[in-house]
Amino acid sequence: MHGLYFTIFVTIACLTLVQVEQSFTSSFDKQSEANHALFETSRKIAGLNHTKLNALKHSMEKSPFEIWYYKDKFKSMEDMSVTPELYNSQIVERQTTKSRLQNVMTKGLLGQNIGVTVMGGSISAGGGIISDYSDLRGIYYRVFIDWWQKAVQPFTGSNIRLCNLAVGGTGSNFFSFCYKTLMKPEDNMDIVFLEFSVNDYLLFKDSHFPTAFSLEELTRELLSEQSSPAVMFVNFIKAENFVPECNNLENHGQTMLAWHYGITSLSMRESLCPNKESKKHPAMFSSDGHHAGVIPHAQIAMMIIDNVRSALLKVIESSKQDFHPLSSHDLPRAVFCMDNHTIIPDPLCYTLITPDETHKFFNPSLSVREIQNKGFKLVQGVAIGSRKAFTRRYDSEPSRTDGFGGWKAEKENSTLKLKIDLPQKRILGSNVTRNVAIVFRTNGYGGKAKVWLENYKPEIVVDTYSSFGHTRLVTVSRDVAPGSHVLTIKVVKAGNFILCGVMAAGKSVL
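1. Structural notes on the packing of aromatic side chains
Taken as a whole and assessed by the stated rule, the structure comprises 18 aromatic pairs. On the numbers, 6.2 Å between centres and 85° between planes, the contact of Phe-144 with Phe-193 is edge-to-face. Of this pair, Phe-144 sits in helix H7 (residues 140-151) while Phe-193 is found in strand E4 (residues 191-195), placing the two residues 49 residues apart along the sequence. You can call Phe-193 buried: its relative accessible area is 0%. With centroids separated by 6.4 Å and ring planes inclined at 25°, the aromatic side chains of Phe-440 and Phe-497 adopt a geometry described as stacked. In this pair, Phe-440 sits in strand E14 (residues 434-441) while Phe-497 sits in strand E19 (residues 497-505), placing the two residues 57 residues apart along the sequence. Through successive ring pairs, a cluster of aromatic residues spans Tyr-140, Tyr-141, Phe-144, Trp-147, Trp-148, Phe-193 and Phe-236. We note Lys-184 situated over the ring of Phe-361; from NZ or CZ to the ring centre the distance is 5.3 Å.

2. Re the sheet that holds strand E2 (residues 114-120)
The mixed open sheet is built from six strands, whose spatial order is E1-E8-E5-E4-E2-E3. Where the open sheet ends on each side, the last strands, each with one partner, are strand E1 (91-92) and strand E3 (160-164). Here four bridges tie strand E5 (residues 230-235) to strand E8 (residues 264-267), and the two strands are oriented parallel to one another. Paired with Val-234 across the two strands is Leu-266, which belongs to E8.

3. Remarks on the state of the cysteines
Scanning the entire structure with this criterion turns up two disulfides. The disulfide partner of Cys-178 is Cys-349, and the gap between their sulfur atoms is 2.1 Å. Handedness here is read from the sign of the S-S torsion; for Cys-178 and Cys-349, about 95°, the answer is right-handed. One end of the pair, Cys-178, is in helix H9 (residues 172-182); the other, Cys-349, is in strand E9 (residues 348-351), with 171 residues separating them in the sequence. Paired through a disulfide, Cys-246 and Cys-273 show a sulfur-sulfur distance of 2.1 Å. Across the disulfide from Cys-246 to Cys-273, rotation about the S-S bond amounts to roughly -95°, and the bridge is consequently left-handed. With a gap of 27 residues between them, Cys-246 in the loop between strand E7 (243-244) and helix H12 (254-261) and Cys-273 in the loop between E8 and helix H13 (294-319) connect regions that are remote in the sequence. Taking relative accessible area as the criterion, Cys-246 reaches 18% and is therefore assigned buried. In this structure Cys-273 comes out as buried when scored by relative accessible area, which is 13%.

4. Notes on the nonpolar core
Core analysis: the biggest nonpolar cluster contains 64 residues, and Trp-68, Met-105, Tyr-140, Phe-144 and Phe-193 have the highest contact counts within it. Elements with a minimum of two residues in this core: helix H2 (50-61), helix H4 (99-109), E2, H7, E4, E5 and H13. Broken down by element, this core gets its largest block of residues, 14 residues, from H13. Dropping the residues within four chain positions of it, Trp-68 is found in contact with Phe-74, Met-80, Val-143, Asp-146, Lys-150, Ala-298, Ala-301, Met-302 and Ile-305. Grouped together as the second largest cluster of nonpolar side chains are 43 residues, Val-167, Phe-336, Phe-404 and Ile-498 included.

5. Structural notes on the packing of H2 against H13
Helix packing for two helices is described by the angle between their axes and how far apart those axes are. At their nearest, the axes of H2 and H13 sit 10 Å apart, and the two run at 150° to each other. With respect to H13, the element H2 is oriented roughly antiparallel. Handedness of the H2/H13 crossing: left-handed. Residues Leu-53, Leu-56, Lys-57, Met-60 and Glu-61 of H2 touch H13, and the partners they reach there are Arg-309, Leu-312, Leu-313, Ile-316, Glu-317 and Ser-319. Per-class residue counts for the contact of H2 with H13 are six nonpolar, one polar and four charged.

6. Details of the pattern of salt bridges
Evaluated as defined, the whole model comprises 18 salt bridges. A salt bridge links Asp-190 to Lys-107, with the shortest nitrogen-to-oxygen separation between them at 2.8 Å. In this pair, Asp-190 is assigned in the loop between H9 and E4 and Lys-107 in helix H4, connecting sequence segments 83 residues apart. The exposure class assigned to Asp-190 is buried, which follows from its relative accessible area of 2%. Overall, Lys-107 belongs to the partly exposed group, its relative accessible area being 24%. The network of salt bridges with shared partners includes Arg-161, Glu-186 and Asp-187.

7. A few points about the sheet that holds strand E10 (residues 367-374)
One open sheet accounts for five strands, arranged E10-E13-E18-E15-E16; its pairing is antiparallel. The open sheet has two edge strands with one neighbour each: E10 and strand E16 (456-463). Between one strand and the next, the sheet's axes are offset by a mean angle of 20°, whatever the strand orientation. Of the pairings in the sheet, the one linking strand E13 (residues 415-422) to strand E18 (residues 483-493) comprises eight bridges and is antiparallel in character.

Basis of the calculations
- Residues numbered from 1 in each chain as written.
- Predicted model: local features only at pLDDT ≥ 70, side-chain atom pairs only at ≥ 80, totals over all residues.
- Heavy atoms only, no water.
- Phe/Tyr/Trp six-rings, centres within 6.5 Å; stacked < 30°, edge-to-face > 60°.
- Helix = DSSP H or I, 4+ residues; strand = E, 2+ residues; numbered from the N terminus.
- Buried < 20%, exposed > 50% of the residue type's maximum accessible area, 1.4 Å probe, protein only.
- Lys NZ or Arg CZ within 6 Å of the ring centre and 35° of its normal.
- Pairing = 2+ DSSP bridges.
- Disulfide = S-S within 2.5 Å.
- Core = buried A, V, L, I, M, F, W, Y, C linked by side-chain atoms within 4.5 Å.
- Contact = heavy atoms within 4.5 Å.
- Axes fitted to C-alpha atoms, helices over the stretch in contact; angles between N-to-C directions.
- Parallel < 35°, antiparallel > 145°, perpendicular 65-115°, else oblique.
- Left-handed = near helix turned anticlockwise from the far one by under 90°.
- Nonpolar A, V, L, I, M, F, W, Y, C, P; charged D, E, K, R; others polar.
- Salt bridge = Lys/Arg side-chain N within 4 Å of Asp/Glu carboxyl O.

This is the structure:
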C-alpha cells in the first residue's frame, strides 16, 4: 500500500515537474520571440535612411497650421477661440506613460500602416458636422488623418487605415461587448479614440454603479489587446439651444482614469466651462444647437496632431542613438473595482446595430435564432441622425452611415421567441455561468415589453420610451448555464419596440 502511495506521489511530482518545465519553456519561447522582435526593430531602425529621417523631422517641426485641412480657416490658436495656455490646460496626460504611442510611431517610421479605430456616439459618427457641411472631412479624426497623409506618409510610406465604429446615442457598455463583432478581419488597432464623455454621463449618471465604471471596463479591454494600442480619450460637451452643458464624464471619474492609466485625454471643455451665466455660444456648436461645431473639432484635431508630432520626434531622436523600443506596462489595479471585477470576461455579441449600414458586414460571436414570431417584423438599415449627404454614400467623400435594425413590434401582445446558444468552452472554461442582456434603441414613441429567459426568473419589464434616441442595454438573467436557452419578448404596452441584439458574458456591470 505504501508502495502504491509512493508511486502515485512520484507520478504526480513528475507530472508537476513536466508542467512547470512546459510552462517555463513556453514563457522562455515567448520571451525569446519578444527579444528577437525588439532586436529586429532596432536593426531596421538603425538601417533607416538618415536623409529621409531628417526630412521627416523637418516636416514634424513645421507648424501644422500650414498644411492641415483647416489651413484656410484656422491659421492660429486664436482663430480657434483658444489661447495657448487654455489649449494646454485641455490636455491631460502623464509624461511618463507615452510608450504605447511611441511604439506606434516606430511602426510608422518603419513604413508600416497604422490602424486608427474610433468608438463613440453621434459626435464621432458625424452628428452636427453633417448638418452644416456636405461631408465629414472636417471631423476631428479625419483632419488628423489628412495631416498624417501630408506630413508623414510621403517620407515613410506609412498610411492610416480608419475603422470608424461610432454609433449615435451609444455608450461604452455596448462597445465592451461588441467592438470585436463590428470590426472586419483586416482592421487592426494601433491608435484608439474613445469619445464617450457625453453619452456615458447621460446614460449612467443615475446608475447604482460609478458613472465611469463602464468606460474603465472598455479601456481595460482595449489596453489588454495583443496589439497594445495607444488609447486616447476625446471629450466634447453638448449644448441645449447653444448653451453649453458643462457636466460630462470628465468631472465624474474619467479624468481620474486618464491619470491612473496614463491615457492622454483631450478636451474642449475648458474653452466653455464654467458657464455660470448660461451664455449662448453659437460659434462653438453646429446649427442644431446641440452637437459640437467645427471649432471644437479643429481644437481636438490639433491636439491629436501635436501629440503624435511629439511622439514621432521622440522616436526620430532615439533612432539616431542606440534605439530601444519601449515595453508596454502591465495594467494597474482597477479604479472602480466591484467584487474584484476589472474587465468583461469573454463577451459574446449578436447585434443589428452598425456603424456602417451601407456595407452588409455581419459577424456575430453569439448564436441567436428566431423560433417563434407573432407580430414582430425584421427591419434593417434604420438611419440614426441626419442623412444630408446620404445620397453621396458611394462617392469618395465621407458621410454619416450609422444605423440599426432588429425585431420591431408596435401592437400589444406581440411575442417573439429567440433561441440563444451559450458555448460550453471559451475563455471562461466549461460550465461557467454568464449574464444575458438585450440591447434596444429608445425613441419618442417607445412601448413596453416583458422579457424573460425560460427557466430563469423573474421576468423584467423594458421601457423603450425616451425623449431622444439612444442605445440601451438591460440585463435579463444572471448566472445562466451553458447550453441552449429560449428568450421571450412580449409587448405589454403598444409603442415602437425594436430589439436590436442579445449579449452574454461573465460577471459584468450590467
